[in-house]
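Observations on chain architecture
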Amino acid sequence: MALRLFAERGYEAVTVSDVAEAAEVAKATLFTYFPTKDALVLDGVADDDLAGIVARRPPGRSPLDALRAHYRAAAATEAAADFDALVTRVRVILDSPTLAGAVMSRLDRQRHALALELTEAYGEPAAAIVAAQIVAACNAVRELYLQRLRAGASSREAGRRLAEDVELAFDLLQHGCRPQEGR
């Protein structure tokens, strides 16, 4: 409901009262579930706890292997996502400087937290560089997925390619940016 309002009128033009009225709930009830207006759109966006994934990895598993497993699972889930809602959400975010900035801020916090967690494994300043590479590679994979969907790929085909891109991204992260055989 909120997403549709934001898509039709623009994020900045819609008030929380407008959303509550459209949903036929009290504004206080809306805030119970969504503490901010941004949360109505950004719930789940750039919320991966990459530092937590690395911190909770089993003994003997590398940080990259733990993150690869996370993104493999995410790719399988993403392939089943509601395409129309996903495209609408992305459009609303990209059309709003407020939301685009909030996403960038979340990604920046995610990168910093990951860098702190990687410091033991990589040392400084390598941990900061590795964290930036991981976050950038995963963002590029998401962008490719969305581009394919917008270009008309079926969700099944886009999902299959997303899974391949996750493997490619983590292969490049793990083995360096050498040209891949057969590509």
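Scroll up for the structure.
On a predicted model such as this, the values are computed, not experimentally measured, just so you know.

Calculation criteria
Residues numbered from 1 in each chain as written. Predicted model: local features only at pLDDT ≥ 70, side-chain atom pairs only at ≥ 80, totals over all residues. Heavy atoms only, no water. Helix = DSSP H or I, 4+ residues; strand = E, 2+ residues; numbered from the N terminus. Buried < 20%, exposed > 50% of the residue type's maximum accessible area, 1.4 Å probe, protein only. Contact = heavy atoms within 4.5 Å. Areas by Shrake-Rupley, 256 points an atom, 1.4 Å probe, with all protein chains shown as cover. Lys, Arg positive; Asp, Glu negative; His and termini not counted. Charge placed at Lys NZ, Arg CZ, Asp CG, Glu CD. Expected span 1.5 Å × (residues − 1). Bend = angle between axes of the 7 residues up to and from the residue.

Looking at the overall build of the protein
- When helices and strands are tallied, the protein shows 10 helices and zero strands.
- Sequence-ordered secondary structure for the protein, helices as α and strands as β, is α-α-α-α-α-α-α-α-α-α.
- Projecting the C-alpha coordinates of the protein onto the three principal axes gives extents of approximately 50 × 35 × 25 Å.
- Residues counted as buried form 35% of the 183 residues belonging to the protein.
- Across the protein, the fraction of contacts at a sequence separation of at least 24, relative to all contacts at a separation of at least 6, is 60%.
- With an accessible surface of roughly 10600 Å², the protein has 54% of that area assigned to carbon and sulfur atoms.
- Averaging the locations of the 22 positively and 26 negatively charged side chains of the protein gives two centres separated by 3 Å.

Section: unusual backbone geometry
- The linkage connecting E124 with the following residue, P125, adopts the cis geometry, with an omega of 0°.
- Within the secondary structure, P125 is located in the loop between helix 8 (97–122) and helix 9 (126–150).

Examining helix 8
- For helix 8, with 26 residues, the first-to-last C-alpha span of 35 Å sits near the 38 Å given by 1.5 Å per residue.
- Remark: the principal bend of helix 8, roughly 30°, maps to L116.
- Every buried residue of helix 8 is accounted for by L99, A102, V103, R106, L107, Q110, L114, A115 and L118.
- Buried-residue contacts for helix 8 involve helix 4 (39–42), helix 5 (50–55), helix 6 (63–78), helix 7 (83–95) and helix 9.
- A positive backbone phi angle near 75° is found at G123, which sits one or two residues after helix 8.

As far as function goes, none of this settles anything; it's purely spatial.
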